[in-house]
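Notes for the structure review
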2 protein chains.
Amino acid sequence: MKTITLSHGSGGKLMRDLIKDLFIKNLDNPFLNKLGDAAFIKAGSKKLAYTTDSFVVKPLFFPGGDIGKLSVCGTVNDLAVSGAMPKYLSCGMIVEDGFRYADLERITISIKNTCKSAGVNIVAGDFKVVEKGAIDGIFINTSGIGEVFENSEIAISRIKPGDKIIISGTIGDHAASILLAREELKFKARISSDCGPLNSLVSSIISRCIRFMRDPTRGGLATTLNEISLACGYNIAIEEANIPIKKSVKALCEILGFDPLYMANEGKLIAIVSKDYANSILSKMKKHPLGKDARIIGAVEKEKDKRVYLKTQSGGSRILDMITGEQLPRIC
Amino acid sequence: MKTITLSHGSGGKLMRDLIKDLFIKNLDNPFLNKLGDAAFIKAGSKKLAYTTDSFVVKPLFFPGGDIGKLSVCGTVNDLAVSGAMPKYLSCGMIVEDGFRYADLERITISIKNTCKSAGVNIVAGDFKVVEKGAIDGIFINTSGIGEVFENSEIAISRIKPGDKIIISGTIGDHAASILLAREELKFKARISSDCGPLNSLVSSIISRCIRFMRDPTRGGLATTLNEISLACGYNIAIEEANIPIKKSVKALCEILGFDPLYMANEGKLIAIVSKDYANSILSKMKKHPLGKDARIIGAVEKEKDKRVYLKTQSGGSRILDMITGEQLPRIC
């Protein structure tokens, strides 16, 4: 019997196939078919971005964040990297009978604080309770509506050979923090999730010379670059030496055998920028607190094999595939 | 230790208090605070309605519908009774590891068909998988955006003494169908859920003489009328003899000791209409297949005790309270 497995939710190839073979096939429409981080819709003369995300992270509270903060940031960031200023959010909570009121309150206050810092409002909500055992604590869905920036022209079809790839900061922090919180490892360094709203960073850099942006969440930097390469057709090459990774994250990954290139981020963005403006966008990004560790990590190549290459520190080059299987379930 | 219980999700008083004391207190903003079925937001000169709902129904498939159909109808109907034409939906699914692919496909096809009949598109989606035991099968969240009808002026503040209360058809069908499907009762009559999209019915009747609409889902007709009475301040009186109930639903309720006035509906609406136009709206409603059993069931009174009264067939009158406790968990 064919069943859904954890790997179908990893953000990798199996999930991609499922989305294509089941959802796009049946729900087929020009908005959904673009498979963007958000759909672009029209309301009168206004162009809006619209997105949704569910959050099942475990544990609910972790260094640097919690499921409430994550629920707001996840949707805010999908709108932001689509070149839109997030305005209105919805929030649907499903809670297990017996869930601690104090925890629900802590999560709600975290949602409140994150909304405040992102400048958005939860304008619609839903609350369901299911019997003990029917859910593991609490799952949250948010959806969001943003107004597309006047000077934004984010479209994967605008990517050209020679474009530079910028990452807004260190990678793997979120997944490493969850890993550490979950495993209760005795690890000296404290690793905090990067979970945070990116809309202020985006509004400080947005311009037509940004061809495309995406936040590398499930599947990490490597999987997100593969998605971009598949969609635009061009190869992408990144330089290992230029990828910013915190020492503590690197050390944890080495101990546990994880590859930070596949580890989820919740407060980072990849920007693909026309090459003549890459340095200017980079320096703008570096002026923002959330972009201070930004780096140009690679470029779009002219070859069209839809492959992502990692140029290693030793001078070699290897193919970076999409994530396969499930590295870390319930990361977000 | 204070915990969340099933009753907090019933649509009744406990849920109302939780929403006020936790969510409105913390997430406080003029859109959310109205506690409408949908929030009204502006995009340029356009007035939009925006709403969200999560679906945890058990069993997933029942006579007259399934969790997929319900997920589309629930959100479409919240927009429709807010006086808006539903346009764009988002859909977030959380699925248990090991869930049957064939069931996911059946649910997706049902979503597709319901979207088609309601004239809406799923434009944004999210798919998460959690480990075995972390969720009971599949839960779905939808959110939706609708364009408010030009000639709609739905506002609870417009309700006045003398206004008539119209129900669009028989009550309790959805809950009765779930009850029957869940309990595997040997009951001769087949009861189908009324689960269906109301936007076509609404567009056939919408006009300024409709003061307010709401779909009586969780908590049923009695709870929804109580919410309306609490919000507008006026008493409401309904006539037992005029409330349309299918014989089979009535019989099932009598056997099991349920009160159909508190049973959820998923394809019915309550319209509060200025008295001079009530008959005209009623006859328009009756011309629509989903409104053929519509009835005027009562009126708004001038007294301001925020009470709902049922005038019984025997000539008496009793207070109809909000639902307390949880009549039937996971009804939607």
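Criteria and thresholds
- Within each chain, residue numbers correspond to sequence positions counted from 1 in written order.
- The naming scheme follows written order: chains are lettered A onward, ligands numbered 1 onward.
- Given that the model is predicted, a residue must reach a pLDDT of at least 70 before its local features are reported, and side-chain atom pairs must reach 80 or more before they are shown or counted; all residues, however, enter totals for whole chains, interfaces and linings.
- Only hydrogens and water are removed before side-chain values are computed, so all heavy atoms of the structure are retained for them.
- Where each domain starts and ends comes from a domain assignment, either automatic or drawn from a database.
- Only heavy atoms enter the contact rule, under which two residues are in contact if any of them lie within 4.5 Å.
- The quantity reported as buried area is the accessible area (1.4 Å probe) lost by two parts once they are put together, taken as the sum for both.
- The term salt bridge refers to a side-chain nitrogen of Lys or Arg lying within 4 Å of a carboxyl oxygen of Asp or Glu.
- Nitrogen and oxygen atoms within 3.5 Å of one another constitute a polar contact, given that in protein one can donate a hydrogen and the other can accept it, and given that sequence-neighbouring residues count only through two side-chain atoms.
- Secondary structure elements follow DSSP: runs of H or I of four or more residues count as helices, runs of E of two or more count as strands, with numbering from the N terminus.
- The criterion for an aromatic pair is that two Phe, Tyr or Trp rings (for Trp, the six-membered ring) have centres within 6.5 Å, with stacked assigned to planes under 30 degrees apart, edge-to-face to planes over 60 apart and tilted to the rest.
- Exposure categories follow from relative accessible area, calculated using a 1.4 Å probe and restricted to protein chains: below 20% of the type maximum is buried, above 50% is exposed, and the middle band is partly exposed.
- In this scheme, strands are said to pair when DSSP sees at least two bridges between them.
- For every element, the axis is a line fit to its C-alpha atoms; helices are fit only across the contacting stretch, and the angle between N-to-C directions ranges from 0 to 180 degrees.
- Under the convention adopted here, Pro, Cys and the residues Ala, Val, Leu, Ile, Met, Phe, Trp and Tyr are nonpolar, Asp, Glu, Lys and Arg are charged, and Gly plus all remaining residues are polar.
- Patch definition: residues above 30% relative accessible area lacking any salt bridge, with like charges linked at up to 9 Å and the nonpolar side chains Val, Leu, Ile, Met, Phe, Trp and Tyr linked at up to 5 Å.
- Reported accessibility uses the Shrake-Rupley method at a 1.4 Å probe radius. Residues are deemed covered only where the shown protein chains occlude them.
- In what follows, a disulfide is any cysteine sulfur pair within 2.5 Å.
- We place the copies in one frame by least squares, fitting the C-alpha atoms of every residue whose pLDDT is at least 70 in both.

Let's shift gears to the domain arrangement of chain A. For an interface, size is often stated in terms of accessible area lost upon the parts coming together. Residues and elements named next belong to chain A. Taken domain by domain, chain A consists of domain 1 (36-148) and domain 2 (156-319). When each unit is reduced to the centre of its C-alpha atoms, the spacing between domain 1 and domain 2 is 23 Å. Opposite the 22 residues of domain 1 that make contact, domain 2 presents 23 residues. For the domain 1 and domain 2 pair, buried surface summed over both sides reaches about 1,800 Å², with 62% attributable to carbon and sulfur atoms. On the domain 1 side of the contact with domain 2, P63, N77 and V81 bury the most area, a combined 31% of that side's loss. Counting the contacts that link domain 1 with domain 2 gives one salt bridge. Seen at the junction of domain 1 and domain 2, the total is eight residue pairs in polar contact (both at pLDDT 80 or more). Listing elements by their share of the side of domain 1 that touches domain 2, those giving two or more residues are α2 (67-80), β5 (84-96) and α3 (101-118).

So, on to the packing of aromatic side chains. Applying the stated criterion to the full structure yields five aromatic pairs over all chains. Note on F23 of chain A and F127 of chain B: the rings are 5.5 Å apart at their centroids and 55° apart in plane angle, and the pair reads as tilted. Pair noted here: F23 of chain A is in helix α1 (residues 13-27) and F127 of chain B is in strand β6 (residues 121-130), and the two residues belong to different chains. The same class applies to F23 of chain A as to F127 of chain B, namely buried. Geometrically, the ring pair formed by Y50 of chain A and Y50 of chain B is edge-to-face, given 6.3 Å between the ring centres and 80° between the ring planes. One end of the pair, Y50 of chain A, is in strand β2 (residues 46-55); the other, Y50 of chain B, is in strand β2 (residues 46-55), on a second chain.

As a further point, take the sheet that holds strand β7 (residues 138-148) of chain B. All names here are of chain B. Taken in spatial order, the five strands line up as β1-β2-β7-β5-β6 in an open sheet, and their pairing is mixed. Of all the strands in the sheet, just β1 (39-43) and β6 have a single pairing partner and so form its edges. In this sheet, neighbouring strand axes are inclined to one another by 20° on average, regardless of whether the strands run parallel or antiparallel. As judged from the nine bridges shared by strand β5 (residues 84-96) and β6, these two strands associate in the parallel manner. Bridged to Y88 within β6 is N121. Sheet strands touched by helix α2 (residues 67-80): β2, β5 and β7. Its angle to β2, the strand with the most contacts, is close to 145°. Its contacts with the sheet put helix α3 (residues 101-118) on β5, β6 and β7, and the angle it makes with β5 is roughly 175°.

A cis amide bond links K58 of chain A to the next residue, P59 of chain A, at an omega of 0°. Mapping P59 of chain A onto the fold places it in the loop between β2 and β3 (61-62). In this structure, R330 of chain B is a non-glycine residue whose phi angle is positive, near 55°. By secondary structure assignment, the location of R330 of chain B is in the segment after β14 (317-319). Under the relative-accessibility criterion, R330 of chain B is labelled buried at 5%.

Take the sheet that holds β2 of chain A next. Residue and element names in this part refer to chain A. Strand order across the open sheet formed by five strands is β1-β2-β7-β5-β6, with mixed pairing between neighbours. Of all strands in the sheet, those bounded by a partner on one side alone are β1 (39-43) and β6 (121-130). Strand-to-strand twist of the sheet, defined as the mean angle between neighbouring strand axes without regard to direction, takes the value 20°. Contacts from α3 reach β5, β6 and β7 (138-148), with the element oriented near 175° to β5.

Take the interface of chain B and chain A next. Listed by partner, the interface residues are 75 residues for chain B and 75 residues for chain A. Across the chain B/chain A interface, buried area totals approximately 6,800 Å², and carbon plus sulfur atoms make up 67% of it. Area buried by chain B at its contact with chain A is led by I4, Y50 and Y101 of chain B, which between them contribute 11% of it. Seen at the junction of chain B and chain A, the total is eight salt bridges. In this structure, K128 of chain A and D53 of chain B form a salt bridge, with 3.0 Å as the shortest nitrogen-oxygen distance. At the level of elements, α1 (13-27), β1, β2, β5, α3, β6 and β7 of chain B are the ones that each hand at least two residues to the side of chain B that touches chain A. Among the residues making up the side of chain B that touches chain A, the classes are represented as 38 nonpolar, 20 polar and 17 charged.

Now for the environment of E266 of chain B. Residue and element names in this part refer to chain B. Inspection of the secondary structure assignment puts E266 in the loop between α7 (247-256) and β11 (270-273). Relative accessible area serves as the criterion here: at 3%, E266 is assigned to the buried category. The spacing of E266 and K116 is 150 residues in sequence and 18 Å in space, taken between C-alpha atoms. In this structure, E266 is in contact with L70, C73, N77, H174, D194, C195, G196, T217 and C332, ignoring residues within four places of it in sequence.

Among the surface-exposed residues, L185, I255 and L256 of chain A lie close enough to one another that they form a single nonpolar patch of about 250 Å² accessible area. With respect to the secondary-structure elements, L185 of chain A resides in the loop between α4 (173-183) and α5 (199-205).

Another aspect to go through is the state of the cysteines. All names here are of chain A. Evaluation of the coordinates by the stated rule reveals zero disulfides over all chains. Residue C195 stays outside any disulfide, its sulfur separated by 4.1 Å from that of C73, the closest cysteine. C332 carries a free sulfur, and the closest cysteine sulfur to it, the one in C195, is 10 Å from it.

Within the fold, S90 of chain B resides in strand β5. What makes S90 of chain B buried here is its relative accessible area of 0%. Within polar-contact distance, the side chain of S90 of chain B engages the side chain of S143 of chain B at 2.6 Å. Other than its neighbours up to four places away in sequence, S90 of chain B contacts Y50, T52 and S143 of chain A together with A124, N141, T142 and S143 of chain B.

In this section: helix α4 (residues 173-183) of chain B. One turn of the α-helix equals 3.6 residues, which is why residues spaced by three or four share an orientation. Residues and elements named next belong to chain B. α4 sits mainly inside the fold: eight of its eleven residues count as buried. Along α4, the positions that sit buried rather than exposed are D173, H174, A175, A176, S177, I178, L179 and L180. Where α4 is buried, its residues contact β3 (61-62), α2 and α7. Backbone geometry just downstream of α4 places E184 in the positive-phi region, at approximately 50°.

Note on the copies: chain B fits chain A at an RMSD of 0.0 Å, the axial shift is 0.0 Å, and the rotation between them is 180°. Given the turn and translation reported, the copies of this chain are related as if by a two-fold rotation axis. For chain B, the residue whose C-alpha comes nearest the rotation axis is I135 of chain B, separated from it by 2.1 Å. Same-surface contact between copies: 100% of interface residues of chain B are shared with the interface of chain A.

Let us now look at the pairing of strand β10 (residues 236-239) of chain A. Looking at chain direction, β10 of chain A and strand β13 (residues 308-311) of chain A are connected through four bridges and run parallel. Looking at β13 of chain A, one finds that I238 of chain A is bridged to L310 of chain A.

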